[in-house]
Amino acid sequence: MNADETPRLNRRHLLGLEDCSREEIRLILDTADSFKEVIERPIRKVPALRGKNIVNLFFEPSTRTRLSFEIAEKQLSADTLNFTASASSVVKGETLRDTARNIEAMKVDCVVVRHSASGAPLFLSQCLERAVVVNAGDGAHEHPTQGLLDLLTIRDHMGRIEGLRVAIMGDITHSRVARSNIWGLRTMGASLVVCGPPTLIPPDLEATGVEVTHRLEEAIDGADVIYALRIQLERQQGGLFPSLREYARLFGITPERMAHAKPEAIVMHPGPINRGVELDSAVADGSRSVILDQVTNGIAIRMAVLYLLNGGGEREDA
Ligand code: CP
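Quick caveat, the model's predicted, so the values are computed rather than measured. (Residues numbered from 1 in each chain as written. Predicted model: local features only at pLDDT ≥ 70, side-chain atom pairs only at ≥ 80, totals over all residues. Heavy atoms only, no water.)

A.B. asks: I would appreciate a short explanation of the overall build of the protein chain in the present structure.
C.D. replies: A count of helices and strands for the protein chain gives 11 helices and nine strands. Compactness check: the protein chain gives a C-alpha radius of gyration of 20 Å against a globular reference of 20 Å for 318 residues, within 12% of the reference. For the protein chain, the spread of C-alpha atoms along the three principal axes comes to 55 × 50 × 35 Å. Expressed as a percentage of its 318 residues, the buried residues of the protein chain come to 56%. Partitioning the contacts of the protein chain with sequence separation of at least 6, the portion at a separation of at least 24 is 75%. (Helix = DSSP H or I, 4+ residues; strand = E, 2+ residues; numbered from the N terminus. Rg over C-alpha atoms; globule rule 2.2 N^0.38 Å. Buried < 20%, exposed > 50% of the residue type's maximum accessible area, 1.4 Å probe, protein only. Contact = heavy atoms within 4.5 Å.)

The following block contains the structure:
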């Protein structure tokens with residue numbers, strides 16, 4: 001495929017799924033599908049982003065997102081640089097804007113950013129004159145590539161997204177994963193039910209057409225996809241539920257509770273898992289779990305996003 005023929009996203013940055021159209025999401029999923037073949041090759045490399053400099057700017061810990069972006073960049077032949085806030089001039093007081101402008105002065109083409117502040121990727125996109133910004137998770141706002149890899153995993157296993165009933169369990173209020181999934185799944189035509197303690201569900205959610213329940217069995221009943229979220233202890237002020245033991249008793253997904261689910265229902269989780277809290281190990285590691293498929297799909301999705309936003313170029317994969 002020549003650069004001129006490369007399908008494009010109608011945007012410079014990927015900051016969230018809220019404003020992504022069905023056509024854009026479908027393009028990313030289909031492009032990711034075509035990259036899966038590259039991931040299975042003995043030599044997992046295409047020259048699509050040869051000559052592009054990409055910086056992974058991580059101000060928060062990450063295992064899956066950071067490693068899969070780095071693998072995706074290397075497989076696309078980009079030159080990858082990793083920035084860790086604790087080993088940078090941020091510790092000397094340099095601002096996010098100055099950090100970004102200095103990085104751009106080094107002719108960086110693309111910045112992948114994770115930050116604890118909601119809106120940090122949007123702010124960066126306003127500071128940078130030329131570079132592309134990809135949101136790798138910002139505060140409790142969005143995690144768009146996680147939402148996309150989840151959509152791809154659902155499509156892989158269920159053959160479609162439209163018309164499915166997806167149950168999202170847990171800490172909806174503090175979850176950027178929930179927010180990106182809700183936007184993406186709605187755009188792709190799924191119906192949504194969320195379940196958790198009232199203190200962890202935004203009060204205005206029901207008005208947007210999302211079904212809300214506080215009874216786990218009610219959410220699981222008839223669901224095609226059961227998506228457990230991590231309880232985010234680091235984002236809570238405390239006191240939103242009595243204890244982890246109480247949370248696990250009322251909202252933890254166990255083999256007994258999975259008996260209420262459809263036989264073909266799949267179980268998902270973005271990781272890292274609090275085993276024995278939101279998911280019993282027998283469910284996390286059981287036959288319905290597609291959690292590791294989500295991780296593998298993270299590479300294909302991040303390849304697709306980087307490829308489409310950075311102009312693609314010659315894939316030479318024929
Ligand atoms: N799902 C997710 O974002 O995991 P990491 O925090 O390990 O990147």
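A.B. asks: How do you make sense of unusual backbone geometry when you look at a structure like this?
C.D. replies: Among all residues save glycine, negative phi is the norm, and among peptide bonds the norm is trans. Here glycine 271 and proline 272 are connected by a cis peptide whose omega angle stands at -10°. Following the sequence through the fold, proline 272 ends up in the loop between strand 9 (266-268) and helix 10 (281-284). Phi angles above zero are rare outside glycine, and serine 77 is one such case at about 70°. Inspection of the secondary structure assignment puts serine 77 in the loop between helix 2 (64-75) and strand 2 (79-84). What makes serine 77 buried here is its relative accessible area of 17%. Positive phi is not limited to glycine here, since lysine 107 has a value of about 65°. Looking at where lysine 107 falls in the secondary structure, it is placed in the loop between helix 3 (96-105) and strand 3 (110-115). Residue lysine 107 is classed as exposed on the basis of its relative accessible area, which comes to 58%.

A.B. asks: What am I meant to see in the sheet that holds strand 2 here?
C.D. replies: Whether parallel or antiparallel, the strands of a sheet pair through hydrogen bonds between backbone atoms. Read across the open sheet, the four strands follow the order 2-1-3-4; overall the sheet is parallel. Each having just a single partner strand, strand 2 and strand 4 (132-138) make up the two edges of the open sheet. Averaged over all pairs of adjacent strands, the angle between their axes in this sheet comes to 15°, without regard to strand direction. In the sheet, strand 1 (residues 53-58) pairs with strand 2 via six bridges, with the strands oriented parallel. In the sheet register, phenylalanine 58 faces strand 2, and the bridge partner there is threonine 84. Running at roughly 165° to strand 4, helix 4 (residues 120-127) makes contact with strand 1, strand 3 and strand 4 of the sheet. The strands touched by helix 11 (residues 291-309) within the sheet are strand 1, strand 3 and strand 4, with strand 4 carrying the most contacts at an inclination of about 150°. (Pairing = 2+ DSSP bridges. Axes fitted to C-alpha atoms, helices over the stretch in contact; angles between N-to-C directions.)

A.B. asks: Hey, could you run me through the layout of surface pockets in this one?
C.D. replies: It is the rolling of a water-molecule-sized probe over the atoms that shows where space remains empty. By volume, the largest pocket is sized at about 400 Å³. Elements with a contribution of two residues or more to the lining of the largest pocket: helix 2 and helix 6 (176-187). The class makeup of the residues in the lining of the largest pocket is five nonpolar, nine polar and seven charged. Considering only enclosed or pocket space, the second largest pocket measures out at about 210 Å³ in volume. Here the lining of the second largest pocket is composed, by residue class, of six nonpolar, four polar and one charged. (1 Å grid on protein atoms, 1.4 Å probe; cavity = no way out; pocket = protein on both sides within 12 Å on 5 of 7 lines; lining within 4 Å. Points joined across faces, edges and corners; volume = space filled by probe spheres on them. Nonpolar A, V, L, I, M, F, W, Y, C, P; charged D, E, K, R; others polar.)

A.B. asks: How should I be thinking about the packing of aromatic side chains in this particular structure?
C.D. replies: Tallied over the entire structure, the rule returns three aromatic pairs. Plain terms: the ring middles of phenylalanine 35 and tyrosine 307 are 5.3 Å apart, the flat faces sit at 80° to each other, and that makes the pair edge-to-face. Of this pair, phenylalanine 35 sits in helix 1 (residues 22-39) while tyrosine 307 sits in helix 11, and the two are 272 residues apart along the sequence. A single burial state applies to phenylalanine 35 and to tyrosine 307, both of which are buried. Centre to centre, the rings of tyrosine 247 and phenylalanine 251 are 5.4 Å apart; their planes meet at 35°, and the pair counts as tilted. Taken together, the positions of tyrosine 247 and phenylalanine 251, both in helix 8 (residues 244-251) and four residues apart, correspond to about one turn of that helix. (Phe/Tyr/Trp six-rings, centres within 6.5 Å; stacked < 30°, edge-to-face > 60°.)

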